[in-house]
Amino acid sequence: MLQDTQTIRYYQRLSDGLVELWNRGYRFDDLRLFLDGYLSALRHSNALEPIQINRLEEEITRFIYDRSNFDNTQTQADYR
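Residue indices follow the written sequence of each chain, beginning from 1 at its first position. pLDDT decides what is reported in this predicted model: residues at 70 or higher carry local features, side-chain atom pairs at 80 or more are listed and counted, and totals for whole chains, interfaces and linings draw on all residues regardless. Here the side-chain values reflect all heavy atoms present in the structure, with hydrogen atoms and water set aside.

Draft legend 1. Quick peek at the nonpolar core. Judged by nonpolar contacts, the single largest core of 17 residues is most densely connected at L18, L31, L42, L56 and F70. At the level of elements, α1 (5-23), α2 (28-45) and α3 (50-65) are the ones that each hand at least two residues to this core. Contacts are assigned to residue pairs that have any heavy atoms within 4.5 Å of one another. Not counting chain neighbours up to four residues away, the residues in contact with L31 comprise L18, L21, W22, Y26, I64 and F70. Here, the term nonpolar core denotes a set of buried Ala, Val, Leu, Ile, Met, Phe, Trp, Tyr and Cys residues that are joined through side-chain atoms within 4.5 Å. Classification of residues uses two cut-offs on accessible area relative to the type maximum, computed with a 1.4 Å probe and protein chains only: under 20% is buried, over 50% is exposed, and between them is partly exposed. Segments assigned H or I by DSSP are reported as helices when at least four residues long, segments assigned E as strands when at least two residues long, and all are numbered from the N terminus.

Shown next as structure tokens:
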């Protein structure tokens, strides 16, 4: 569970980016490459402590392998 506000912000940006890429037609291999690059950039920039990056990686890995996060849930039009 993420508790640091900065880590949570990175999680939100990353999860939103992954869903956006999925909706644009990219698939899991591409998403995984994006995720690896993002985490690598965080490590090299020293934006977060290493333990926070590891926790972020664990949480976002759970996110990426949960298929329900990538279901195409378009809202139904209301025809009243």
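Here the narrative resumes.
Draft legend 2. Molecular detail of the packing of α1 against α2. Angles run from 0 to 180 degrees between N-to-C directions of axes, and those axes are lines fitted to C-alpha atoms, restricted for helices to the stretch in contact. One can describe the packing of α1 onto α2 by two numbers: an axis separation of 10 Å at closest approach and a directional angle of 155 degrees. When the axis of α1 is compared with that of α2, the two are roughly antiparallel. The handedness of the crossing between α1 and α2 is right-handed. Facing Y10, R13, L14, L18, L21 and W22 of α1, the residues of α2 in contact are F28, L31, F34, L35, Y38 and L42. Tallied by class, residues from the contact of α1 with α2 come to 11 nonpolar, no polar and one charged. Every angle not falling under 35 degrees, over 145, or within 65 to 115 is termed oblique; those three ranges are roughly parallel, roughly antiparallel and roughly perpendicular. What makes a crossing left-handed is the near helix being turned counterclockwise from the far one by less than a right angle; a clockwise turn instead makes it right-handed. Residue polarity follows a fixed list, in which Ala, Val, Leu, Ile, Met, Phe, Trp, Tyr, Cys and Pro are nonpolar, Asp, Glu, Lys and Arg are charged, and the others, Gly among them, are polar.

Draft legend 3. Expanded view of the packing of α1 against α3. In contact at an axis separation of 10 Å, α1 and α3 are set at 30 degrees when each is read in the N-to-C sense. In terms of their interaxial angle, α1 and α3 are classed as roughly parallel. Between α1 and α3 lies a crossing of right-handed hand. Judged by residue contacts, T7, Y10, Y11, L14, S15, L18 and V19 of α1 engage Q52, L56, E59, I60, F63 and I64 from α3. Here the contact of α1 with α3 is built from residues that sort into nine nonpolar, three polar and one charged.

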